Amino acid sequence: TACSSKYVLSQIHPMWQGPLAVPGGDRQSPIDIIQRKSVFDSELKPLVPDYDPDTCQQMWNNGYSFLVEYDDTTDKSTLKGGPLQDKFRLCQFHFHWGECNDWGSEHTVDRRLFPAELHLVHWNSDKYSLFEEAVMEDNGLAVIGVFLKVGKRHEGLQKLVDALPAIRHKESIVEFTRFDAACLLPSNIDDYWAYHGSLTTPPLTESVSWIVMKQPIEVSHDQLAVFRSLLFTSAEEEVQKSMVNNFRVQQPLRGRTVRSSFS
Ligand SMILES: N=Nc1ccc(S(N)(=O)=O)cc1
Ligand SMILES: [Zn+2]
């Protein structure tokens, strides 16, 4: 298959015929993180995620990825610390992945691609009252990126994998409760890179404080295969398209500095 050869992703996947770069955008995401060019910042504090599993509500297929959505009407599931000055509320998490294990992540580390990447999306509840407001503002959002690599089965992920067949098609939704998003974080959350960037899907707004974990989490080959059983297309459409390669290509750094919390 294309995955066996080192075939360059020359064709732009249908979903990316949209605006590949935002005109005038000079802090777009994702990026390649060049380790030797990142700058250690001793001021970076430990991250403090504090997630309440009771705020987990539903899981749905939005035609780009699948989202696990949290009740963000109160400060029950929050993130603070790290590079952040304010308190941020967890609103959803989702993933990006490839058609095979050779690629799929959005960020890369020294050009290394991972088979998938988790994004935990939070908005600044000290400054704004809705995600929709925060998404337009500088430092309105904080997204934690976690790389997935193929290895042992991830027990916490399995509850989520078991629910995926119920949302195969675009716009399908299923109740999904009592899920602790913290179980998807790596054991070491003190080592991360921090930089200012954007959403990686439309509206591509430059409002994100990115926090990319150094340590990947391990998931099994079979768990990733279930991600690939999802569809971009709704039940009504004649031609069904597998939901794979739902990642954006790396964007120019444009002079930004990537800070590291570790030396
Ligand atoms: N419209 N909401 C969005 C939220 C997060 C992201 S991402 N992939 O940057 O975390 C993209 C869009
Ligand atoms: Zn994402």
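All of the points below concern the structure found in this document. (Residues numbered from 1 in each chain as written. Chains lettered and ligands numbered in written order. Predicted model: local features only at pLDDT ≥ 70, side-chain atom pairs only at ≥ 80, totals over all residues. Heavy atoms only, no water.)

**Concerning the overall build of the protein**
Definition in use: Only DSSP runs of H or I covering at least 4 residues are called helices, and only runs of E covering at least 2 are called strands; the numbering of each starts at the N terminus. Just to be clear, the radius of gyration here is over C-alpha atoms, and the globule rule we use is 2.2 Å times residues to the power 0.38. Exposure classes here rest on a 1.4 Å probe applied to the protein chains alone. A residue is buried below 20% of its type maximum, exposed above 50%, and partly exposed in between. Working rule for contacts: check all heavy atoms of both residues, and any pair within 4.5 Å makes them a contact. The protein chains shown are the only cover counted for residues, whose accessible areas, like all others here, come from Shrake-Rupley with a 1.4 Å probe. We treat Lys and Arg as the positive residues and Asp and Glu as the negative residues; His and chain ends play no part in the count. Every charge is mapped onto a representative atom, which is NZ of Lys, CZ of Arg, CG of Asp or CD of Glu.
Each helix and strand counted, the protein has three helices and 15 strands in total. Compactness check: the protein gives a C-alpha radius of gyration of 17 Å against a globular reference of 18 Å for 263 residues, within 12% of the reference. For the protein, with 263 residues in total, the buried portion stands at 52%. For the protein, long-range pairs separated by at least 24 residues make up 74% of all intrachain contacts whose partners lie at least 6 apart in sequence. Of the roughly 11900 Å² that the protein leaves accessible, carbon and sulfur atoms contribute 51%. Charged side chains of the protein number 26 positive and 35 negative; the gap between the two group centres comes to 6 Å.

**Focus on the coordination of the zinc ion (ligand 2)**
The cut-off we apply is this: Distances define the donors: N, O and S atoms within 2.8 Å of the metal qualify, as do those within 3.2 Å of Na, K or Ca. Water is excluded, so some sites may look unfinished. A four-donor site is classed as tetrahedral when every donor-metal-donor angle falls between 85 and 135 degrees; four donors are called square planar, and six octahedral, when trans pairs exceed 155 degrees and all remaining angles lie between 65 and 115, with any other arrangement labelled irregular.
Taken together, the protein ligands of the zinc ion (ligand 2) are His94 (NE2), His96 (NE2) and His119 (ND1), with distances of 2.0 Å. Considering all four donor atoms around the zinc ion (ligand 2), the spread of angles at the metal, 98 to 117 degrees, places the coordination shape in the tetrahedral class. As a motif over one chain, the donors of the zinc ion (ligand 2) read H-x1-H-x22-H. Here the residue His96 occupies a position in strand S7 (residues 88–97), and His119 occupies one in strand S9 (residues 116–124), the gap between them amounting to 23 residues.

**Considerations on the nonpolar core**
Definition in use: We call a set of buried Ala, Val, Leu, Ile, Met, Phe, Trp, Tyr and Cys residues a nonpolar core when their side-chain atoms join them within 4.5 Å.
Core analysis: the biggest nonpolar cluster contains 46 residues, and Phe66, Phe93, Phe95, Ile144, Leu160 and Phe227 have the highest contact counts within it. Top element by residues in this core is S7. It accounts for five residues. Core analysis: the second largest hydrophobic core is formed by 21 residues, Ile31, Val109, Val208 and Val258 among them.

**Remarks on the pattern of salt bridges**
Selection criterion: Criterion for a salt bridge: a side-chain nitrogen of Lys or Arg within 4 Å of a carboxyl oxygen of Asp or Glu.
Summed over all chains, the structure comprises seven salt bridges. Residues Asp32 and Arg111 are paired through a salt bridge, measuring 3.7 Å at the closest nitrogen-oxygen approach. Pair noted here: Asp32 is in strand S1 (residues 32–33) and Arg111 is in the loop between strand S8 (108–109) and S9, with a separation of 79 residues, a long-range link. For Asp32, a relative accessible area of 12% corresponds to the buried category. A salt bridge links Asp41 to Arg259, with the shortest nitrogen-to-oxygen separation between them at 2.7 Å. Of this pair, Asp41 sits in the loop between strand S2 (39–40) and strand S3 (47–50) while Arg259 is found in strand S15 (residues 259–260), placing the two residues 218 residues apart along the sequence. Residue classification places Asp41 among the buried residues on the basis of a relative accessible area of 15%.

**Digging into the packing of aromatic side chains**
How two aromatic rings sit relative to each other is set out by the distance from centre to centre and by the angle between their planes. So the rule is basically this: Here a Phe, Tyr or Trp ring, Trp counted by its six-membered ring, pairs with any other such ring whose centre lies within 6.5 Å, and the pair is stacked when the planes are under 30 degrees apart, edge-to-face when over 60, and tilted otherwise. Cation placement over rings: the criterion is NZ of Lys or CZ of Arg within 6 Å of the ring centroid and within 35° of the ring normal.
Considering all chains together, one arrives at 11 aromatic pairs under this definition. Both rings, one in Phe93 and one in Phe95, keep their centres 6.1 Å apart while their planes meet at 90 degrees; by these two values the pair is edge-to-face. Between Phe176 and Phe179, the ring centres sit 5.5 Å apart and the planes meet at 40 degrees, which makes this aromatic pair tilted. Here Phe176 matches Phe179 in class, with each residue buried. Aromatic ring contacts, followed pair by pair, group Phe66, Tyr70, Phe93, Phe95, Trp97, Phe176, Phe179 and Phe227 into a single cluster. A cation over an aromatic ring shows up here: Lys159 above the ring of Phe176, its NZ or CZ 5.3 Å from the ring centre.

**A word on the site of ligand 1**
Short version of the rule: Neighbouring residues are identified by heavy atoms, a residue being near a molecule or strand if any of them is within 4 Å of it. Each polar contact in these results corresponds to two N or O atoms within 3.5 Å; when the atoms are within protein, one needs to be able to donate a hydrogen and the other to accept it, and residues that are neighboring in sequence are counted only if both atoms are side-chain atoms. Residue polarity is assigned by list, with Asp, Glu, Lys and Arg as charged and Ala, Val, Leu, Ile, Met, Phe, Trp, Tyr, Cys and Pro as nonpolar; anything else, Gly included, falls into the polar class.
The immediate surroundings of ligand 1 are formed by Gln92, His94, His96, His119, Val121, Phe131, Val143, Leu199, Thr200, Thr201 and Trp210. Within the side chain of His96, an N or O atom sits 3.3 Å from a nitrogen atom of ligand 1. Within the side chain of Thr200, one N or O atom sits 2.8 Å away from a nitrogen atom of ligand 1. Elements supplying a minimum of two residues to the shell around ligand 1: S7 and S9. Here the shell around ligand 1 gets three residues from one element, more than from any other, and that element is S7. A class-by-class count of the residues in the shell around ligand 1 yields five nonpolar, six polar and no charged.

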